[in-house]
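Reading the structure
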Amino acid sequence: MLRRRGPVRPVLGTAVLLALVACGPAPADPTLPESPALPTTPTTTPRTDSGPDTEAETEAEAEVEVEVEALGIDLTAHSTSDPDSPWVVVNPDRAFDPLDHEPDDLVTVQGHQVRKMVAGDLRTLLDAAREDGVHVTLTSAFRSYEAQHRAHAGAIARNGRVVGEQISARPGHSEHQSGLAVDFGSSTRPGCNLARLCFDETVEAVWLAEHASRHGFILRYAPGQESVTGYLSEGWHFRWVGRELATWMQDEGLTTLEDVFGLPPAGSADD
Ligand SMILES: [Zn+2]
């Protein structure tokens, strides 16, 4: 089980570091996304003096800048509340504003819609899997507010409200509405699609768990993180956040966007 960590302190910029360094669901529930790289944060600070005093100082500064690049990800680079942001965070307590938000740059990949910025990475991921002999499929991607309303109502009808709320996002709260989330499927065991535990054991799920981050996708509802994400784990639901953040999260052992951005755990707000 992955450990939970506290909020991560954003890396606000090289200047700060330089100073410090001298620093789901039931089987029938479809509810609950290689990339153009996100803009990178500048990792150099403009010099205001006339240059280094010594060669040793130049080398020391070069080492510091390498270290900053290794550490550095600017977690303030994109909004977590703007519905069009690549890092928008929605969960049971965080809704889109407006509630019926719909992206205007959807494109189709293997019969499913995602935002244009996701499509390149998604195609590359699917191609990379195929080259490894793993045939990952897509079972769902963008869903409109209205489609999510129907999915959520169906989940409640089949499972009751308590379980239904844990496996299906309310309309206006689903990552699928962002166009940044996809549900992957298994070609070897399609009967395991959208089926908890069963899907996790497929060769496709194992491949995704290891390789998805390098293509910009994170497993959004990880096992053991239910109290943070607000949903039961879903081995098929991946969220595109871009390669930089996805690989950084994997390297750091961080599994939830709530922890990464220092947001309250889902379900902590009064309902
Ligand atoms: Zn999903």
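Residues numbered from 1 in each chain as written. Predicted model: local features only at pLDDT ≥ 70, side-chain atom pairs only at ≥ 80, totals over all residues.

Of the strand pairs in this sheet, strand 1 (residues 106–109) and strand 2 (residues 112–115) are connected by four bridges, and their pairing is antiparallel. Following the sheet pairing, T108 is matched in strand 2 by Q113. Taken together, strand 1 and the strand that follows it, strand 2, pair antiparallel across an intervening segment of two residues, in which Q110 is found at a positive phi of about 45°. (Pairing = 2+ DSSP bridges. Helix = DSSP H or I, 4+ residues; strand = E, 2+ residues; numbered from the N terminus.)

The next point concerns helix 3 (residues 116–131). With 16 residues, helix 3 ought to run about 22 Å at 1.5 Å a step, and its terminal C-alpha atoms sit 24 Å apart, in line with that. By the burial criterion, the buried members of helix 3 are V118, A119, D121, L122, L125, L126 and A129. A positive backbone phi angle near 80° is found at G133, which sits one or two residues after helix 3. (Expected span 1.5 Å × (residues − 1). Buried ≥ 20, exposed ≤ 12 C-beta atoms within 10 Å, placed from the backbone.)

Counting residues in each nonpolar core, the largest one holds 46 residues, and the members touching the most others are V114, L122, V182, F217, I218 and F238. When residues of this core are traced back to their parent elements, those giving at least two are helix 3, helix 4 (145–159), strand 4 (181–186), helix 6 (203–211), strand 5 (217–221), strand 6 (234–240), helix 8 (243–252) and helix 9 (257–260). Element by element, the count of residues in this core is highest for helix 3, at six residues. If we skip the residues at most four places from it in the chain, L122 touches V109, V114 and V182. (Core = buried A, V, L, I, M, F, W, Y, C linked by C-beta atoms within 7 Å. Contact = placed C-beta atoms within 7 Å.)

Right, let's get into unusual backbone geometry. Each neighbour pair has its own omega, and for D97 with P98 the value is 5°, a cis peptide bond. Within the secondary structure layout, P98 lies in the loop between helix 2 (55–71) and strand 1. Even without a glycine there, the phi angle at Q110 is positive, about 45°. As for its position among the elements, Q110 is in the loop between strand 1 and strand 2. Q110 sits in the partly exposed class, given 13 other C-beta atoms within 10 Å.

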